[in-house]
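Letter by letter, the chains look like this.
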Amino acid sequence: MLSSYTILAFVLGFLVAQTWKAVSDLARNGKKGDAAQVKDFFSAVGYFARSGGMPSGHMASFTAAVVYLGCVYGFGSGLFMLGACVWTIVLYDAIHVRYAVGEQGKALNEILKKAGKKALPVVEGHTLAQAAVGAIIGVVVGAGLFLIVKGGF
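Structural notes, computed from the coordinates. Counting restarts for each chain: residues are numbered from 1 in the order of the written sequence. Per-residue local features are limited, in this predicted model, to residues with pLDDT of at least 70; the limit for side-chain atom pairs, both in listing and counting, is 80 or more; totals at the level of whole chains, interfaces and linings are taken over all residues. As a rule here, side-chain values cover all heavy atoms of the structure and leave hydrogens and water aside.

Here the focus is the side chain of Ser61. Within the element layout of this structure, Ser61 appears in helix 3 (residues 57-73). At 3.1 Å, the side chain of Ser61 forms a polar contact with the backbone oxygen of His58. By definition, residues are in contact when any of their heavy atoms lie within 4.5 Å. Each residue touching Ser61, except ones within four places of it in the same chain, is listed here: Ala9, Phe10, Gly13 and Phe14. A run of H or I in DSSP counts as a helix once it spans at least four residues, and a run of E counts as a strand once it spans at least two, with each numbered from the N terminus. Counting of polar contacts relies on pairs of N or O atoms within 3.5 Å, with two restrictions inside protein: one atom must be capable of donating a hydrogen and the other of accepting it, and residues adjacent in sequence are counted only when both atoms are side-chain atoms.

Below, the discussion takes up helix 4 (residues 78-114). Compared with the 54 Å implied by 1.5 Å per residue over 37 residues, the 53 Å span of helix 4 between its first and last C-alpha is a close match. Bend is computed residue by residue as the angle between axes fitted to the seven residues ending at the residue and the seven residues starting at it. The principal kink in helix 4, of about 40 degrees, is found at Asp93. The buried label applies to any residue whose accessible area, calculated with a 1.4 Å probe on protein chains only, is under 20% of its type's maximum; exposed applies above 50%, and partly exposed to all values in between. Along helix 4, the residues that are buried comprise Phe80, Gly83, Leu91, Ala94, Ile95, Arg98, Gly102, Gly105, Asn109 and Leu112. Residues of helix 4 that are buried in the fold lie against helix 3 and helix 5 (128-150). Directly after helix 4, the chain includes Gly116, whose backbone phi takes a positive value near 75 degrees. What a helix should span is 1.5 Å times the count of its residues minus one.

The next subject is a nonpolar patch on the surface. Residues qualify for a patch when their relative accessible area is over 30% and they have no salt bridge, like charges being joined within 9 Å and the nonpolar side chains of Val, Leu, Ile, Met, Phe, Trp and Tyr within 5 Å. Under the convention used here, a 1.4 Å probe and the Shrake-Rupley method define accessible areas, while residue burial counts only the protein chains that appear. The rule for a salt bridge is simple: a side-chain nitrogen of Lys or Arg has to be within 4 Å of a carboxyl oxygen of Asp or Glu. Where nonpolar side chains cluster on the molecular surface, the patch consists of Ile7, Leu8, Phe10, Val11, Leu12 and Leu15 and spans about 460 Å² of accessible area. One can find Val11 in helix 1 (residues 6-29). Since its relative accessible area comes to 36%, Val11 is described here as partly exposed.

Considering the arrangement of structural elements, one finds Phe14 in helix 1. We classify Phe14 as partly exposed; its relative accessible area is 27%. Sequence-wise, Phe14 and Pro55 are 41 residues apart; in three dimensions their C-alpha atoms are separated by 9.9 Å. Beyond its immediate stretch of four places on either side in the chain, Phe14 contacts Ala49, Gly57 and Ser61.

Structure follows, in structure tokens:
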């Protein structure tokens, strides 16, 4: 039964990180920043679920799930080790592959802008600091949920 809360850990990690990202963007930029593009429900969902920025929702969600699994099955279990391996791939992808693609997308859009063409959507990655903060959120959410479920909180 405890393992069924893994998806809840994943979702909570994502929600905490994305809420932090949205609130900090609104506090920093008000209606001038990305929030200015929110016009209806679907654009609000897109704004909330956007990639890139501080903190990493990908890292927060996946870390929360992996930490929760470690708490339930043990940090020496095969399930936790498998999760840790995939976590490493998610981290590498977030700070290397997707970050590089985002930077290339921005550069390409500058070229397109100068040529009078329409900009392409850019999927942003994360810096190491953004991924680290997301991972910290994930540790807190995953361990916290385990303590709550076990009745230790």
